[in-house]
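Reading the structure
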Amino acid sequence: MKKTRKILGVLLALSMFFTLAAAPASASTFIDAHGNEVELDDSLEAYTEADLIGANDAARKHETNLGDLWTDALRWFVVSGKVNEYYEEDDVTAGNNQLAVDADHVVALWNGGNLRADIPAGKFGAAELAEVLPFPNTVAIVYMTGAQLREALEAATQALPYSEATAAACASFMQVSGMKYTVDISKPFDQGEVYKAPWYKAASVSRVTITEVGGKAFDEAATYAVVTSNANFNGMDSSYLFKAAAAADDRCVITTAVVRDAVWTYLDEELENIVREETYGKAQGRIKLLFTDAHGNVVELDDSVEALTTVKLVGADDAARKGETNLGDLWTDALRWFAASGAINAYFEEDDLTAGNDKLAVDADHIVALWNGGNLRADIDAGSFGAAELAEVLPYPNKVAVVYMTGAQLREALEAASQAIPYSESTAAACASFMQVSGMKYTVDASRPFAQGEVYKEPWYKAASVGRVIITEVCGKAFDETATYAVVTSNANFNGMDSSYIFKEAAAANDKSAITTAVVRDVVWLYLKETLAGAVGDSYAAPQGRITIAGKPAVVPTKQNLTVNGEAKTAEIYNIDGSNYFKLRDVASLLSGTGSQFSVGYDAASNTISIQTGEAYEKQPGDLEPGDDKSASAVRSAQKLVINGEPVTDLTAFNLGGYNFFRLRELGEKLGFGVTFDEAANTVVVTSK
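A brief look at the structure comes next. All figures in this text were calculated on a predicted structure; none of them were measured in a lab.

With that settled, consider a negative patch on the surface. Taken together, the side chains of Asp 51, Asp 118, Glu 277 and Glu 278 make up a negatively charged region of the molecular surface. Considering the arrangement of structural elements, one finds Asp 118 in the loop between strand S4 (106-111) and strand S5 (122-125).

Laid out in C-alpha cells, this is it:
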C-alpha cells in the first residue's frame with residue numbers, strides 16, 4: 001500500500017508567478033499555484049542551522065544551498081529505493097519497478113525557477129516548503145545518454161548570466177546532485193529552433209562541461225537516470241531533451257511520489273530533521289560559472305558575490321571611448337579608493353616589500369586613477385548583478401598597478417590617450433586609449449589638432465607637444481605640473497599598452513612604481529561591498545563632469561555697448577558660445593582706481609597669471625584697443641591662475657592671439673564687481689564696489 005502524507009499536492013511549474021493564500025476556514029490549508037486546496041500536516045517539523053536560499057530568483061542565478069538540499073533529497077529518494085513503492089501499477093506490471101542503472105549513474109536535476117523562497121534558520125514545516133514549491137510536482141525519472149544530459153544542461157543555462165532581462169529564461173537553470181558541471185558564460189549559446197518562448201533548442205553544445213558524475217569521469221555514451229519533476233519529464237521550460245528521452249525509453253516514469261513528501265522523507269530519515277551548517281551552510285561547489293577572458297585564460301567566477309544598481313551603468317557600444325561615462329566614474333573611483341584607503345598595501349609583491357615599497361609614496365590628494373575606455377566593454381543593467389557581469393565589462397585578467405608621474409607627464413599621458421578624439425567609426429580603434437578618471441578633472445580641446453610625434457605603435461603616436469589637454473584640478477586643488485602624482489591604473493598601461501608610452505617610461509624611471517597582485521575586478525567588488533554597501537545609487541546616475549570634450553567654439557568679435565559705473569567705455573570684447581569674454585588686462589584697466597581694482601602679473605617660468613585684488617593696475621600698451629580680429633585663433637587657455645596667492649581652477653578662459661580672455665560674469669563673481677545686461681540699451685553694465 002502506498003504511503004501518503006498530508007502535505008501539499010502535486011505538479012507542473014507552468015507559471016512564473018504564484019499566489020499563496022491561507023484558506024479562511026483553516027490555518028492548515030494551502031491554495032497552490034494551480035488553485036488546489038491542500039491540507040498541510042502541521043505535525044511535520046524540522047530545524048535548519050543555516051538560512052536556505054531560494055528567494056529573489058537566487059536559484060536561477062547560480063548554485064544555492066537550498067538547491068543542493070533539494071536535489072540531494074530527490075537523488076536519495078530514488079537511490080535508497082524509497083521511490084520503488086510509488087511506481088504506477090502499469091509500470092510495476094511491466095517490471096519497471098526499480099532503477100535500471102547503478103547508483104553512481106543517478107543524478108538529480110531541479111530547475112531553479114521552482115525554488116521560490118528562503119527557509120530562514122530555525123524551525124520550519126510544511127508551510128515553508130509550500131512557499132518554496134507552490135506546485136504539486138511528483139518525482140519523475142528520465143533515462144538519458146551522457147550526450148543528452150549535457151545538451152539538456154546547455155539548453156537549461158542558455159540565458160546565463162542572469163539579469164532582469166533574462167530572469168524568465170533563467171527559470172530553467174538546473175540545481176544538481178550526484179554530479180558537477182561548469183558553464184562558460186563567455187561563450188554564446190548557439191540558438192537552434194525556437195522550442196517555446198523564451199527558450200530555444202541548442203544547435204550545438206559548447207558552454208557546458210560535465211566534470212564528474214557520482215565521483216567518476218563523465219561518459220557521453222553512458223546511460224544516466226535523471227531524477228527530476230513530472231513537469232520537466234513533460235518538457236517544461238527548456239526541457240525538450242527530457243521529453244524526447246522519456247518518449248524514447250519505456251523505463252522512464254512519472255511516479256506518484258509528491259516532491260515535497262520526498263524532501264520531508266529525506267529530512268526525517270536521512271538528516272534526522274536537522275539541516276546542519278557544516279553540510280548545507282553554503283553551496284557545495286557542484287556548479288561553477290567560468291569566463292574565458294580575451295587572453296584565453298579561464299577564470300572561475302565567484303557567483304556568491306552580488307550587488308545591486310538602481311541605475312544603468314554604461315560601457316557598451318564604445319561609450320567609454322567617446323566620453324566620460326557613469327561606469328567609468330565608478331570603475332576609476334574603485335581603483336582610487338583601493339589605493340587611497342590603504343587596502344592596496346596588502347597586495348604589493350614581495351620584492352617591493354623588501355625594498356620598503358609597501359604603501360603609496362604620496363598623500364591622498366595626489367592620487368588619481370586612470371582607466372582606458374577600451375577596457376569597459378559592456379553595460380550593467382539596473383538590477384542585481386554579479387561576477388558574470390563584471391567579467392563581461394572587463395574580459396581581461398588585469399592587475400592593479402601604480403605609476404608615479406610628474407604633472408607634466410600626467411598631462412602628456414592624457415594628451416596621447418585622447419589623440420583620436422572626437423570619436424568616429426574611423427577613430428574607434430585609437431579611441432580605446434581615451435581615459436576615464438577619478439580624483440581629477442580635465443578638458444580635451446578637440447578643435448585643436450593632435451601634434452603627432454613619432455609612431456609609438458599603430459594606430460597611436462607619441463605627442464610632439466601638449467596643447468589639447470588641460471587638467472583643471474586634482475582632488476579639488478590646482479593642478480601642478482611639477483608635482484608628483486600616483487596614477488592608479490592597470491598592469492597593461494604600466495607596460496605601455498595602446499598609447500601609454502608615458503606610463504611605461506615613468507614606471508621605468510621610478511622604482512616605487514609597482515604592479516600589485518590585486519585583480520582589478522576583485523577591487524571593484526571590494527569597493528562595491530565596503531564603500532557602497534553593495535548598492536550603486538543615484539550618485540552614479542550620470543557622468544559626474546570630470547571630463548569635458550570641447551569642440552571648436554563659436555567666436556565672433558563684438559562691438560557690445562559697455563558702461564563702467566555709468567560711464568560709457570570701449571574694450572576688446574568677443575562673444576564665445578553666447579557669452580561675453582573680455583581681455584583680462586582690459587578689465588583691470590577699466591576698474592583701476594575703483595573699489596574693485598586689481599593688478600595682473602605673469603610668471604613665464606611657471607606659466608602662471610597672478611591677480612592681486614585691491615592693488616592698482618598699471619596700464620599696458622594695447623589695453624582697451626580692439627586690434628585685429630583674433631577669433632580664428634581661439635583655444636582654451638592652458639595657463640594657471642592665482643588670485644591673492646590662491647590657485648583658481650573654475651574660471652573659463654580662452655587664448656586669442658596670445659591674450660587671455662575671461663568670461664566677464666565669472667570674473668566679476670570671483671573679483672567682486674557687478675555685471676548685468678541692459679537689454680533695452682543693449683549694454684553690458686559693470687559696477688565696482
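Attention now goes to the packing of aromatic side chains. Counted under the stated rule, the structure contains 15 aromatic pairs. Just above the ring of Tyr 404 sits the side chain of Lys 512; from NZ or CZ to the centre is 5.2 Å. Residue placement shows Lys 583 over the ring face of Tyr 659; its charged tip is 4.5 Å from the ring centre.

Before going further, it helps to examine the pattern of salt bridges. Under the defined criterion, the tally for this structure stands at 22 salt bridges. We note a salt bridge from Lys 216 to Asp 104, for which the minimum N-O separation is 2.6 Å. Placement of the pair is Lys 216 in the loop between strand S11 (208-213) and strand S12 (223-229) and Asp 104 in the loop between helix H3 (89-93) and S4, with a sequence separation of 112 residues. Note that Glu 300 and Lys 288 form a salt bridge whose closest N and O atoms lie 3.7 Å from each other. Here Glu 300 is found in strand S16 (residues 298-300), whereas its partner Lys 288 is found in strand S15 (residues 287-292), with 12 residues between them in sequence. Using a relative accessible area of 35% as the deciding quantity, one classes Lys 288 as partly exposed. Beyond isolated ion pairs, a larger network of salt bridges with shared partners links Glu 572, Lys 583, Asp 586 and Lys 630.

The next point concerns the pairing of strand S17 (residues 306-309). Burial along S17 is one-sided: the face carrying Ala 307 and Thr 309 is buried and the face carrying Glu 306 and Leu 308 is not. Bridge count for S17 against strand S19 (residues 383-386) is four bridges, and the pairing is antiparallel. Opposite Glu 306, over in S19, you have Gly 386 as the bridge partner. Looking at chain direction, S17 and strand S28 (residues 535-536) are connected through two bridges and run parallel. Each residue of the ladder has a partner; that of Leu 308, found in S28, is Ala 535.

Another aspect to go through is the sheet that holds strand S6 (residues 138-145). Sheet architecture is open: five strands sit in the order S7-S4-S12-S6-S13, paired in mixed fashion. Since the sheet does not close on itself, it has two edges, and those belong to strand S7 (174-177) and strand S13 (253-258), each with one partner. When strand polarity is set aside, the average angle formed by the axes of neighbouring strands in this sheet is 30°. Docked against the sheet, helix H2 (residues 65-79) engages S4, S6, S7, S12 and S13, running at close to 140° with respect to S4.

Helix packing for two helices is described by the angle between their axes and how far apart those axes are. Running from N to C, helix H11 (residues 326-340) and helix H17 (residues 520-530) cross one another at 85°; their axes reach a closest spacing of 9 Å. Here H11 is positioned roughly perpendicular relative to H17, judged by the angle of their axes. Between H11 and H17, the residues in contact are Leu 330, Trp 331, Asp 333, Ala 334, Leu 335, Trp 337 and Phe 338 and Val 520, Arg 521, Val 523, Val 524, Leu 526, Tyr 527, Leu 528 and Glu 530, respectively. Considered class by class, the residues forming the contact of H11 with H17 number 12 nonpolar, no polar and three charged.

The next thing to look at is the packing of helix H5 (residues 146-156) against helix H7 (residues 240-248). At their nearest, the axes of H5 and H7 sit 8 Å apart, and the two run at 150° to each other. As summarised for this structure, H5 and H7 are arranged roughly antiparallel, according to the angle between their axes. Seen from H5, the contacting residues are Gln 148, Glu 151, Ala 152 and Ala 155; seen from H7, they are Tyr 240, Leu 241, Phe 242 and Ala 245. Of the residues that constitute the contact of H5 with H7, the class distribution is six nonpolar, one polar and one charged.

Moving on to the sheet that holds S11. Strand order in the open sheet made by the four strands is S11-S8-S15-S16, with mixed pairing throughout. Each end of this open sheet is capped by a strand with a single partner; those strands are S11 and S16. Each neighbouring strand pair of the sheet contributes to a mean axis angle of 25°, computed without reference to strand direction. Bridge count between strand S8 (residues 179-184) and S15: four bridges; the pairing is parallel. Each residue of the ladder has a partner; that of Tyr 181, found in S15, is Ile 287.

Once that is clear, we can look at the environment of Thr 649. Note on placement: Thr 649 falls in the loop between strand S39 (646-648) and strand S40 (653-656). Placed 150 residues apart in sequence, Thr 649 and Ser 499 show a C-alpha to C-alpha distance of 27 Å. Once you skip the residues sitting within four places of it in the chain, Thr 649 turns out to touch Thr 472, Glu 473 and Ala 478.

For the rest of this paragraph, the subject is the side chain of Ser 599. Position of Ser 599 among the secondary structure elements: in strand S35 (residues 598-603). Among the residues examined, Ser 599 registers a relative accessible area of 13% and is labelled buried.

The rules behind the values
Residues numbered from 1 in each chain as written. Predicted model: local features only at pLDDT ≥ 70, side-chain atom pairs only at ≥ 80, totals over all residues. Heavy atoms only, no water. Patch = residues over 30% accessible without salt bridge, like charges linked within 9 Å, V, L, I, M, F, W, Y side chains within 5 Å. Areas by Shrake-Rupley, 256 points an atom, 1.4 Å probe, with all protein chains shown as cover. Salt bridge = Lys/Arg side-chain N within 4 Å of Asp/Glu carboxyl O. Lys, Arg positive; Asp, Glu negative; His and termini not counted. Charge placed at Lys NZ, Arg CZ, Asp CG, Glu CD. Helix = DSSP H or I, 4+ residues; strand = E, 2+ residues; numbered from the N terminus. Phe/Tyr/Trp six-rings, centres within 6.5 Å; stacked < 30°, edge-to-face > 60°. Lys NZ or Arg CZ within 6 Å of the ring centre and 35° of its normal. Buried < 20%, exposed > 50% of the residue type's maximum accessible area, 1.4 Å probe, protein only. Pairing = 2+ DSSP bridges. Axes fitted to C-alpha atoms, helices over the stretch in contact; angles between N-to-C directions. Contact = heavy atoms within 4.5 Å. Parallel < 35°, antiparallel > 145°, perpendicular 65-115°, else oblique. Nonpolar A, V, L, I, M, F, W, Y, C, P; charged D, E, K, R; others polar.

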